[in-house]
Amino acid sequence: MHSLWEKQSFLSADVTIIGAGITGLSAAATFKELDPSLSVIVLEKGVLPTGASTKNAGFACFGSVSELLNDVETLGENGMISLVEKRWDGLQKTCQRLGRSVIDLQVKNGYELIFDRSSNALQQIEYVNSLLSPLFQGSVFRNANEKLEAFGFGTTTDLIENTFEGQLDTGKLISSLWNYCNQLGIKVHTGCHVTDIKEEETCVRVASDDVVFKSEKVAICTNAFTKKLLKKEELDIVPGRGIVMSIIPKQPLKFEGTFHYHDGYYYFRDYYDKLLYGGGRNLALEEEQTDSFGINESVKKKLIEDLETIILPDQEYEIEMTWSGIMAFGSNKSPIVKKLSNRIAMGVRLGGMGVAIGSLVGEEVAELLTAD
Ligand SMILES: Cc1cc2nc3c(=O)[nH]c(=O)nc-3n(C[C@H](O)[C@H](O)[C@H](O)COP(=O)(O)OP(=O)(O)OC[C@H]3O[C@@H](n4cnc5c(N)ncnc54)[C@H](O)[C@@H]3O)c2cc1C
């Protein structure tokens, strides 16, 4: 039984956000920025955010040539351009809100490794540039083969460079966004696993164990866990587990920047004197369609093979840590931002580039719910 004080000061708010990843925290911040008088709470099931936002590799990216060509196939040219624009705007929004140095954003360029001279991506660089040039006021991608020898990669035939791509510190991003929310007066309740959402005539009740939070509006920002929460099998959301390794090379790295290969399924970057390396989900797509954390040893084995033949050939290294995170995918790469009723909306299915688009999706959900 709760007290009057608990009910008044902790269990009711104008707005409840479910999920404290980049999307949920950004949605919470937007509500307060739009109307500082609103009371806003965020409910998070983990002690820390426990999905993708604190588990990723910190690429501030909007897609390699291969990935963007795939997006043209599934979304059409305009759909691809609009997705890139949203990712780019999302990054700018994060930087404006938190500051580039606070999140350790460094633009050291991004690269796609190519292993076959006849690859479609190589042939289509200028086509993708022509689609993106109105947005970036110039070419985004170029062939950068002159850097290949110095980088020392094995088996790589070509390198495509993206001069707009950067990298950031994921931990600093989420903790500074959390601090920013606290400064705005938003309360983040951790260890609060929401199991039920019930809309009534005058409010929405959100239940976590035996605690019920009452609010006017609810934003669902639970990404890969949304289907479970809403118990809606028809939702086009499939969880996808990804792994990242932190690697300590014995000699200084020969390269810096962010790197992708095989349609973005594999990625690595420098992180000061370390290498962050992950991916390989395509090797076991069905097995990795899970929302349970864990390491698939066969995927890790293949990553290590590539590490020794492509990324650090003939070099010694130590694997410091390996962790997993859960992403959300669907039939295309556009996030789902929609109202379920006048009081409830969701911003979910952020895919593999949510660091970029997360702020914008959070903003869109908040705007949807404040529109009427
Ligand atoms: C291994 C890996 C590498 C990645 N690398 C990159 C990258 O380099 N660049 C990039 O742009 N993107 C990357 N991503 C994708 C990016 O991290 C995600 O798209 C983004 O973080 C999604 O943010 P989100 O807030 O929507 O979801 P999440 O971060 O998953 O947040 C959802 C939150 O909701 C909480 N939650 C779920 N259910 C409930 C419930 N019932 N009650 C209460 N709380 C609940 C979860 O605990 C979680 O904290 C990567 C992802 C992974 C896993």
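What you see is a predicted model; the values in this text were computed from it and never measured.

**Describing empty space enclosed by the protein**
Thinking step 1. Tallying each qualifying case throughout the model produces one cavity of 30 Å³ or more.
Thinking step 2. Within this model, the largest cavity holds a volume of roughly 40 Å³.
Thinking step 3. Contributing elements (two or more residues each) for the lining of the largest cavity: strand S4 (110-114) and strand S6 (158-162).
Thinking step 4. Broken down by element, the residue count for the lining of the largest cavity peaks at three residues, all from S4.

**Describing the nonpolar core**
Thinking step 1. Of all hydrophobic cores here, the largest spans 39 residues; its most connected members are Ile17, Leu25, Phe31, Val40 and Leu173.
Thinking step 2. Counting residues per element, the ones that place at least two in this core are strand S1 (12-18), helix H2 (22-34), strand S2 (40-43), helix H3 (65-98), helix H7 (170-183) and helix H10 (354-370).
Thinking step 3. Here this core gets seven residues from one element, more than from any other, and that element is H10.
Thinking step 4. Non-local contacts of Val40, meaning those with residues more than four positions away in its chain, are made with Val15, Ile17, Ala28, Phe31, Lys32, Gly185, Ile186 and Lys187.
Thinking step 5. Counting 25 residues, the second-largest nonpolar core is a separate cluster that includes Cys192, Phe213, Leu235 and Val348.

**A few points about helix H9 (residues 297-311)**
Thinking step 1. Across its 15 residues, H9 extends 19 Å between first and last C-alpha, which sits within 8% of the 21 Å expected from 1.5 Å per residue.
Thinking step 2. Taken together, the buried residues of H9 touch S4, strand S12 (238-249), strand S13 (258-261), strand S14 (266-271), strand S15 (274-279) and strand S16 (317-329).

**Focus: the pattern of salt bridges**
Thinking step 1. One pass over the full model with this rule turns up 20 salt bridges.
Thinking step 2. Among the salt bridges present, the one from Lys333 reaches Asp71, with a minimum N-O distance of 3.0 Å. Residue Lys333 is located in the loop between S16 and strand S17 (336-339), and its partner Asp71 is located in helix H3; the two are separated by 262 residues in the primary sequence.
Thinking step 3. Among the residues examined, Lys333 registers a relative accessible area of 33% and is labelled partly exposed.
Thinking step 4. Note that Glu146 is salt-bridged to Arg142, the shortest N-O span being 2.6 Å.
Thinking step 5. Overall, Glu146 belongs to the exposed group, its relative accessible area being 53%.
Thinking step 6. In this structure, a network of salt bridges that share partners links the residues Arg142, Glu146, Lys147 and Glu161.

**Quick notes on the environment of Ile247**
Thinking step 1. Residue placement: Ile247 occurs in strand S12.
Thinking step 2. With a relative accessible area of 0%, Ile247 lands in the buried category.
Thinking step 3. Sequence separation of Ile247 and Asp273 is 26 residues, and the distance between their C-alpha atoms is 9.2 Å.
Thinking step 4. Not counting the four nearest positions on each side in its chain, Ile247 is found in contact with Lys274, Leu275, Tyr277, Leu307, Leu312, Tyr317, Glu318, Ile319 and Glu320.

Rules and cut-offs
- Residues numbered from 1 in each chain as written.
- Predicted model: local features only at pLDDT ≥ 70, side-chain atom pairs only at ≥ 80, totals over all residues.
- Heavy atoms only, no water.
- 1 Å grid on protein atoms, 1.4 Å probe; cavity = no way out; pocket = protein on both sides within 12 Å on 5 of 7 lines; lining within 4 Å.
- Points joined across faces, edges and corners; volume = space filled by probe spheres on them.
- Helix = DSSP H or I, 4+ residues; strand = E, 2+ residues; numbered from the N terminus.
- Core = buried A, V, L, I, M, F, W, Y, C linked by side-chain atoms within 4.5 Å.
- Buried < 20%, exposed > 50% of the residue type's maximum accessible area, 1.4 Å probe, protein only.
- Contact = heavy atoms within 4.5 Å.
- Expected span 1.5 Å × (residues − 1).
- Salt bridge = Lys/Arg side-chain N within 4 Å of Asp/Glu carboxyl O.

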